[in-house]
Amino acid sequence: RSQQSLLHLAVGGLAYEKAAPEAHIRCIDQLLALQCDVNAVEANGHSVLQHYIADRHWQPENLQEKPMHLRAVRRLCEARADPDKRSEGSG
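Residues numbered from 1 in each chain as written. Predicted model: local features only at pLDDT ≥ 70, side-chain atom pairs only at ≥ 80, totals over all residues. Heavy atoms only, no water.

A.B. asks: Describe the overall build of the protein chain, listing the residues and the values that go with them.
C.D. replies: Secondary structure summary: the protein chain contains 4 helices and 0 strands in total. If you list the helices and strands of the protein chain from N to C, you get α-α-α-α. In terms of overall dimensions, the protein chain has C-alpha extents of about 35 × 30 × 25 Å along its principal axes. The 91 residues of the protein chain split such that 40% are buried. Contacts in the protein chain between residues far apart in sequence, at least 24 positions, make up 71% of those at least 6 positions apart. Here the protein chain displays about 5,600 Å² of accessible surface, and carbon together with sulfur accounts for 48% of that area. (Helix = DSSP H or I, 4+ residues; strand = E, 2+ residues; numbered from the N terminus. Buried < 20%, exposed > 50% of the residue type's maximum accessible area, 1.4 Å probe, protein only. Contact = heavy atoms within 4.5 Å. Areas by Shrake-Rupley, 256 points an atom, 1.4 Å probe, with all protein chains shown as cover.)

So this is what it looks like as structure tokens:
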């Protein structure tokens with residue numbers, strides 16, 4: 001089990017572009033509207049935001065330059081994602 005939240009899975013899908021980016025953004029928006037924990041951490045201690053920008057596709061595909069990906073980061077930040085959030089007991 002990955003112990004990832006639904007938000008972790010939604011941003012991971014966006015990074016992989018498994019479907020149209022707009023579909024992933026709608027999913028992220030719906031999860032945030034349902035008040036899913038934007039600072040949930042997965043088993044390795046990464047928050048949703050950390051998981052997203054640490055994805056192996058982020059740098060090679062220059063996702064930071066794609067509007068839809070910046071929109072996702074903005075949405076997470078607007079929902080008060082903590083870029084320094086770590087799980088208890090992790091580095």
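A.B. asks: Describe the pattern of salt bridges, with residues and values.
C.D. replies: On inspection of all chains with the given rule, the structure shows 1 salt bridge. One salt bridge in this structure joins Arg-75 and Asp-29, with 3.4 Å as the shortest N-O distance. Of this pair, Arg-75 sits in helix α4 (residues 67-78) while Asp-29 sits in helix α2 (residues 21-33), and the two are 46 residues apart along the sequence. Residue classification places Arg-75 among the partly exposed residues on the basis of a relative accessible area of 24%. (Salt bridge = Lys/Arg side-chain N within 4 Å of Asp/Glu carboxyl O.)

A.B. asks: Kindly report on the confidence of the model for the protein chain, identifying the contributing residues and their values.
C.D. replies: The share of residues in the protein chain with pLDDT of 70 or more is 92%, and the mean pLDDT across the chain is 89. Confidence, read as mean pLDDT per element, is least for helix α1 (residues 6-16) in the protein chain (92) and greatest for α4 (95). (pLDDT = per-residue confidence, 0-100.)

A.B. asks: With reference to specific residues and values, describe the nonpolar core.
C.D. replies: Ranked by size, the top nonpolar core spans 20 residues in total, and within it Leu-7, Ile-28, Tyr-52 and Leu-76 carry the most contacts. Mapped onto this core, the elements with two or more residues apiece are α1, α2, α3 (48-53) and α4. For this core, the leading source of residues is α1, giving 5 residues. Those residues in contact with Tyr-52, other than ones at most four positions away along the chain, are Val-11, Leu-14, Ala-15, Trp-58, His-69, Ala-72 and Val-73. (Core = buried A, V, L, I, M, F, W, Y, C linked by side-chain atoms within 4.5 Å.)

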